Amino acid sequence: KDSAGAPSSPLTQSVPSSDLWHCQFSSWYPIFSKCVGKKRVNVTINSKIVYPASPAQFQKYLLSDGVNLPTEATKVSSFLPDAGAAGNENDSWASSAEDKADGGDGDADTDPEEQPMQQEQQQLQQQPYSFPDLTQQFQDAIDELGGSAVPKLNWSSPKDATWMNGGSLKCQTPGDIYVLLKSSDFVQHDVELLSQQQRQSEHGHGSRFPLQCVLRKFCTLYPSMEFRCFVRSNQLLAISQRNDTQFYKHLANDQDHFADLIEDFFEDYIQSVFGVVRVGNDAHSDEPEDEPEDEERKSSDTNSDTNSDANAETNNHRQRNIENYVFDVYIDKKDRVWLMDFNPWSDQTDSLLFEWEELRTMDADGSNAADNAHSPNSAPMNDQGRSTIMSSTSTDIPIVRVVETDQQIRQDPLASYRAPIDTVHLASLTGALSGTAGTEDPFEELIKLCQDNI
């Protein structure tokens, strides 16, 4: 799983349930949006968590075929021309109920041999779903967050489906949210994992994971200032440039400064808090709280400042349940660090400019990483035969890596999700058929051809 990159496969049972629990949004957001006893009260992006009233039905909807929207979500996308205008054809596609009304009896000229297949497709498309309360909660959250939001589920955001929403995760209507969630393989992975965890819970294994829809305030961020951080044994081990598909000259010059900011942030806000739970008479429940009480948080934070051994002797002490994990941060123009997300310590999380085997075997002083960085024989190579391992000059942890030249950029893992695979195949044929192969982008040529013939 990766909230910003493309997972090679959905999260599996190789990731402990406790790690999944702590990395899901509702487990960590209340802690870092209301920091007690710290200089900054909020160190993450303002967000709203919505729990569907009928989670099983909503999961079924997300896994169903097609991109039909619930009956009350009549606006397909804010990015379509004149979306929502009176008489706009786009609105007739918006919901399953309207499709059922307009799809009617089908075309009278349809080949009889094709009718059974078309009837089956219509049955799949016309199954009505309705989530009026959820849709209203989406709209209320969008309004509270300033008019636009970015959706995700427990772990993943639908970054693989931005091609359905004007190339953006920005949602201005509930319809935008439904379109992205319904079109995303990443979201489907989350739903399947939730179903798996729920089945295990029913058999007495693990905790129940409630389906949660998260809306985060939409912010315009500079991709160059996003970083992924790797924590092993509760120590910040490595920091990687988040967007490794681009070369940013200033990162190479300022990487040590950024590393200092991130390390201070980790020590001040994350290291002693994330993955720590209360056990004993005052242990927290098996379910995360939407908004924990401030006084209860103050009490637990006061206890955390005392010696851990002394805490263990009381009936209400704190216990760390996760020591290896990954977190993402963003550094703004004022050198403030913002927490973006947590991910499990797992091969399914993109290691970016590091290799997972390297992270697992890296010495506490970073010497293993330094050896790899300066050894062309052991370092992974790109297509041009250049080493893709980059390192800061110091061998002390955390080790920092950024793309230092144009030749070291990596392929965008989301590139294969920018359009349906059938469309990509058709685009590859367009130039050959029109005699313009190699003269312009084949995908853009296909889109232009389709628009000219509408």
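In this text the structure is predicted, and so the values were computed from the model without any measurement.

*Asks:* What is the right way to read the packing of helix α3 (residues 55-63) against helix α7 (residues 174-183) from this model?
*Replies:* Packed helix pairs are characterised by how far apart their axes lie and by the angle those axes make with each other. Relative to each other, α3 and α7 sit at 70°, their axes nearing to 8 Å. As far as their axial angle goes, α7 and α3 are roughly perpendicular. Taken together, the residues of α7 that come into contact with α3 (itself represented by F58, Y61 and L62) are Y178, L181 and K182. Partitioned by chemical class, the residues of the contact of α3 with α7 number five nonpolar, no polar and one charged.

*Asks:* When you look at the nonpolar core in this model, what are you seeing that I'm missing?
*Replies:* One broad trend across soluble globular proteins is that nonpolar side chains are buried collectively. Core analysis: the largest hydrophobic core is formed by 76 residues, its most contacted members being F58, I270, F327 and F342. Residue contributions to this core peak at nine residues, all from helix α9 (residues 249-270). With residues up to four places along the chain from it excluded, the contact list for F58 reads P52, F131, L134, Y178, L181, L211 and C213. Ranked by size, the runner-up nonpolar core spans 10 residues in total, among them L237, A238, W345 and L359.

*Asks:* Help me understand the pattern of salt bridges, please; the structure alone is not making it clear to me.
*Replies:* Oppositely charged side chains may form a pair once their charged atoms are brought near each other. What the rule picks out here adds up to seven salt bridges. Of the charged contacts in the structure, one is a salt bridge between R336 and D332, with a shortest N-O distance of 2.7 Å. For R336, a relative accessible area of 35% puts it in the partly exposed group. For D332, a relative accessible area of 14% corresponds to the buried category. Counted as one network, the salt bridges with shared partners bring together R228, R242 and D328.

*Asks:* Would you mind going over the pairing of strand β9 (residues 337-344) with me for this structure?
*Replies:* Working note: regular strand, side chains alternate between the two faces of the sheet. Here β9 lies mainly inside the structure; eight of its eight residues are buried. For strand β8 (residues 325-331) and β9, the ladder comprises seven bridges, and the chain directions are antiparallel. Residue pairing in the sheet places Y325 in a bridge with P344 of β9.

*Asks:* Would you take a moment to explain unusual backbone geometry for this structure?
*Replies:* Most of the time, phi is negative for any residue but glycine, and the peptide bond is trans. The phi torsion at D335 lies on the positive side, around 65°, for a residue other than glycine. Mapped onto the elements, D335 comes out in the loop between β8 and β9. Judged by its relative accessible area of 33%, D335 falls in the partly exposed class. In the Ramachandran plot, L352 falls in the positive-phi region, its phi being about 55° despite a non-glycine side chain. Its place among the elements puts L352 in the loop between β9 and α12 (356-361).

*Asks:* What should I look at first to understand the side chain of S195 in this one?
*Replies:* With respect to the secondary-structure elements, S195 resides in helix α8 (residues 185-202). In this structure the side chain of S195 is engaged in a polar contact, spanning 3.1 Å, whose partner is the side chain of Q59.

*Asks:* Would you explain the confidence of the model for the protein in this entry?
*Replies:* Any residue range with low pLDDT should be treated as having predicted coordinates unsuitable for detailed reading. Here the protein averages 74 in pLDDT, and 57% of its residues register 70 or above. The lowest-confidence element of the protein is helix α10 (residues 294-304), averaging 37 in pLDDT; the highest-confidence one is β8, averaging 98. Note that pLDDT drops below 50 for residues 83-94; the model gives that stretch 26 contacts with residues more than four away or on any other chain. Considering only residues more than four positions removed or in separate chains, one finds that residues 281-316, a stretch of pLDDT under 50, has 47 contacts.

*Asks:* When you look at a negative patch on the surface in this model, what are you seeing that I'm missing?
*Replies:* Judged by side-chain charge, D256, D260, D264, E267 and D268 come together as a negatively charged surface patch. As for its placement among the helices and strands, D264 is situated in helix α9.

*Asks:* Even after reading the chapter, I still don't get α7, so can you show me in this structure?
*Replies:* Residues spaced three or four apart along an α-helix face the same direction, because each turn holds 3.6 residues. Of all 10 residues in α7, 10 are buried; the element is thus mostly enclosed. P174, G175, D176, I177, Y178, V179, L180, L181, K182 and S183 are the residues of α7 that are buried.

*Asks:* Which parts of the structure should I look at to understand the sheet that holds β8?
*Replies:* In a beta sheet, neighbouring strands are held together by backbone hydrogen bonds and run either parallel or antiparallel to one another. The mixed open sheet is built from five strands, whose spatial order is β9-β8-β4-β5-β10. Each having just a single partner strand, β9 and β10 (399-401) make up the two edges of the open sheet. Within the sheet, the average angular offset between the axes of one strand and its neighbour, ignoring direction, is 20°. Pairing between strand β5 (residues 235-241) and β10: three bridges, direction parallel. For A238, the partnering residue across the bridge sits in β10 and is I399. Sheet contacts for α9: β4 (226-232), β5, β8, β9 and β10; angle to β8, the most-contacted strand, approximately 120°.

Cut-offs and rules
- Residues numbered from 1 in each chain as written.
- Predicted model: local features only at pLDDT ≥ 70, side-chain atom pairs only at ≥ 80, totals over all residues.
- Heavy atoms only, no water.
- Axes fitted to C-alpha atoms, helices over the stretch in contact; angles between N-to-C directions.
- Helix = DSSP H or I, 4+ residues; strand = E, 2+ residues; numbered from the N terminus.
- Parallel < 35°, antiparallel > 145°, perpendicular 65-115°, else oblique.
- Contact = heavy atoms within 4.5 Å.
- Nonpolar A, V, L, I, M, F, W, Y, C, P; charged D, E, K, R; others polar.
- Core = buried A, V, L, I, M, F, W, Y, C linked by side-chain atoms within 4.5 Å.
- Buried < 20%, exposed > 50% of the residue type's maximum accessible area, 1.4 Å probe, protein only.
- Salt bridge = Lys/Arg side-chain N within 4 Å of Asp/Glu carboxyl O.
- Pairing = 2+ DSSP bridges.
- Polar contact = N/O pair within 3.5 Å; in protein donor to acceptor, adjacent residues only side chain to side chain.
- pLDDT = per-residue confidence, 0-100.
- Patch = residues over 30% accessible without salt bridge, like charges linked within 9 Å, V, L, I, M, F, W, Y side chains within 5 Å.
- Areas by Shrake-Rupley, 256 points an atom, 1.4 Å probe, with all protein chains shown as cover.
- Lys, Arg positive; Asp, Glu negative; His and termini not counted.
- Charge placed at Lys NZ, Arg CZ, Asp CG, Glu CD.

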